[in-house]
Amino acid sequence: MTSKQRAYLRGLANSLQPIFQIGKSGLSNNLIKQLDDALEARELIKISVLETAPDDVKSLGEEISIATHSVCVQTVGSKITLYRARKKDSKIVLPE
């Protein structure tokens with residue numbers, strides 16, 4: 001993914017609200033499945049990491065992106081932004 005494409009996705013994610021929270025229980029198989037489903041439905045999602053989470057935001061972002069086969073667009077403060085194109089009919093068109 002190029003820096004231009006990342007910048008484009010960051011701009012789109014600016015207005016998004018986090019749809020998941022990661023707390024003291026950390027990552028579970030159920031949460032990974034829900035994130036996977038949300039990525040398929042929305043393509044671009046934001047996750048909020050609470051202070052009680054067992055890991056730091058960057059490592060959680062990397063772990064989730066590997067588990068869901070997505071791209072960690074950015075981690076800012078306690079927020080993680082993930083992107084994965086849909087298998088069919090992708091709505092987000094990335095710039096070249």
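What counts as what
Residues numbered from 1 in each chain as written. Predicted model: local features only at pLDDT ≥ 70, side-chain atom pairs only at ≥ 80, totals over all residues. Heavy atoms only, no water. Salt bridge = Lys/Arg side-chain N within 4 Å of Asp/Glu carboxyl O. Helix = DSSP H or I, 4+ residues; strand = E, 2+ residues; numbered from the N terminus. Buried < 20%, exposed > 50% of the residue type's maximum accessible area, 1.4 Å probe, protein only. Polar contact = N/O pair within 3.5 Å; in protein donor to acceptor, adjacent residues only side chain to side chain. Contact = heavy atoms within 4.5 Å. Pairing = 2+ DSSP bridges.

*Asks:* Describe in detail the pattern of salt bridges, supporting the description with residues and values.
*Replies:* If you walk through the whole model with that rule in mind, you get four salt bridges. Put simply, Asp37 and Lys33 hold a salt bridge, and the shortest N to O gap is 3.0 Å. With Asp37 and Lys33 both in helix α2 (residues 29-42), this residue pair falls four residues apart, about one helical turn. Of the charged contacts, one joins Arg84 and Asp36 as a salt bridge, the two residues approaching to 2.5 Å between their closest N and O atoms. With Arg84 in the segment after β4 (79-83) and Asp36 in helix α2, the pair connects residues that are 48 residues apart, well separated along the chain. Residue Arg84 is classed as buried on the basis of its relative accessible area, which comes to 11%.

*Asks:* Before we move on, can you summarise the side chain of Ser70 with the specific residues and values?
*Replies:* Examined against the element boundaries, Ser70 turns out to sit in the loop between α3 (57-68) and β3 (71-76). With relative accessibility at 11%, the residue Ser70 sits in the buried group. Side-chain polar atoms of Ser70 contact the side chain of Thr68, separated by 2.8 Å. Residues in contact with Ser70, not counting those within four places in the same chain, are Leu39, Ile64, Ser65, Leu82, Tyr83 and Arg84.

*Asks:* Pulling in residues and values, what's your account of the pairing of strand β2 (residues 44-49)?
*Replies:* For β2, the tally of buried residues reaches six of six residues, placing the bulk of the element in the interior. Neither face of β2 is open: one carries Leu44, Lys46 and Ser48, the other Ile45, Ile47 and Val49, and all of them are buried. Two elements, strand β1 (residues 20-22) and β2, share three bridges in a ladder whose sense is parallel. The residue of β2 that forms the bridge with Gln21 is Ser48. As paired strands, β2 and β4 are joined by five bridges and run antiparallel to one another. What sits directly across from Ser48, in β4, is Lys79.

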